[in-house]
Amino acid sequence: VVSARYIEAYQKVRESLNTEPLFATPRVTETMDEIIHFIDELVKTGHAYQVGGDVYFRVGAIKDYGTLSHQRIDDLMVGARIDENSKKENPLDFTLWKATEEGIRWDWSKGRPGWHTECVVMIHDVFQKPLIDIHGGGMDLKFPHHENEIAQSQAAYGTSIARYWIHNGMININGDKMSKSLGNVLWAKDMIREYGGNVIRWMMLSAHYRAPLNISDETLATSRKEYERVAGSMKQGYVKLALN
């Protein structure tokens, strides 16, 4: 019920921005059998190991971990947080499955999967092939999320999951990073209601996808003016065509 409410809200925002329909909208809860099978195979090949009810990926079992974000394992090890009570063989190893007593749980060790694994399996399930053309996401997902996706794909399929990676810049509000801690969060639905979906879309397209997008009264006013100028010109063109 909770997830359905947020999915519906997201779809309304997307439609308000006049985007193309989505090809697929996979859900983790509908892909659990495939996820469990995927993790089980990684354990069997030695790329993952089970400790109690938890399962971890062996980062050292693959070559070139960190190439996407240009990080070396030796450097990562130096900066890694060491937990004396950790179940991991290596502090860089990441969770594939976590046993838990709280929230939604699935049969295996009564737990749920790590989100790096969810993405890899759902991508493969949708496209039915181990290598896709483009994988996108925020700049903050390059490490460790996308590195961990690549690691699992290399272990399972011998590929890097995607040929090209597109990482978008973050959103700033009046020059400051938008974050809950700063309390400067803007809701897309509120902005669309005030300015209209086309104006917000114009503003989003005004910055290069890799660059930060700064939202301010000035950028919103400029986007509205530019969009109205283009929309007005197009309307005049349609009128001339109709008269002819």
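See the structure printed just above.
Definitions and limits used
- Residues numbered from 1 in each chain as written.
- Predicted model: local features only at pLDDT ≥ 70, side-chain atom pairs only at ≥ 80, totals over all residues.
- Heavy atoms only, no water.
- Helix = DSSP H or I, 4+ residues; strand = E, 2+ residues; numbered from the N terminus.
- Rg over C-alpha atoms; globule rule 2.2 N^0.38 Å.
- Buried < 20%, exposed > 50% of the residue type's maximum accessible area, 1.4 Å probe, protein only.
- Contact = heavy atoms within 4.5 Å.
- Areas by Shrake-Rupley, 256 points an atom, 1.4 Å probe, with all protein chains shown as cover.
- Phe/Tyr/Trp six-rings, centres within 6.5 Å; stacked < 30°, edge-to-face > 60°.
- Pairing = 2+ DSSP bridges.
- Axes fitted to C-alpha atoms, helices over the stretch in contact; angles between N-to-C directions.

Colleague: Help me out: how do you make sense of the overall build of the chain in this one?
Modeller: Scanning the chain from N- to C-terminus turns up eight helices and nine strands. Against the compact-globule benchmark of 18 Å for 244 residues, the chain has a radius of gyration of 22 Å, which places it well outside the compact range. Put simply, the chain has 244 residues, and 32% of those count as buried. A separation threshold of at least 6 residues defines the contact pool for the chain, and within that pool the share at least 24 residues apart is 65%. Accessible area of the chain: about 15,800 Å², with a carbon and sulfur share of 53%.

Colleague: Would you explain the packing of aromatic side chains in this entry?
Modeller: Two aromatic rings, taken as a pair, are described by how far apart their centres are and by the angle between their planes. Scanning all chains against the criterion turns up six aromatic pairs. Between the aromatic rings of Y49 and Y56, the centroid separation amounts to 5.8 Å while the plane-to-plane angle is 40°, which identifies the pairing as tilted. Residue classification places Y49 among the buried residues on the basis of a relative accessible area of 6%. Residue classification places Y56 among the buried residues on the basis of a relative accessible area of 5%.

Colleague: Which parts of the structure should I look at to understand the environment of M204?
Modeller: Mapped onto the elements of the fold, M204 is located in helix α7 (residues 197-205). For the pair M204 and Q11, spaced 193 residues apart in sequence, the C-alpha to C-alpha distance is 18 Å. In contact with M204, other than residues within four places in its own chain, are L17 and L213.

Colleague: What is the right way to read the sheet that holds strand β4 (residues 111-113) from this model?
Modeller: Backbone hydrogen bonds hold the strands of a sheet together, and the pairing may be parallel or antiparallel. The antiparallel open sheet is built from four strands, whose spatial order is β1-β2-β3-β4. Because the sheet does not close on itself, it has two edges, and the strands there are β1 (48-51) and β4. For this sheet, the mean angle separating the axes of adjacent strands, direction not counted, is 20°. As judged from the three bridges shared by strand β2 (residues 54-57) and strand β3 (residues 94-99), these two strands associate in the antiparallel manner. What sits directly across from F57, in β3, is F94. Those strands touched by helix α5 (residues 142-157) are β2 and β3, and its axis lies near 90° from that of β3.

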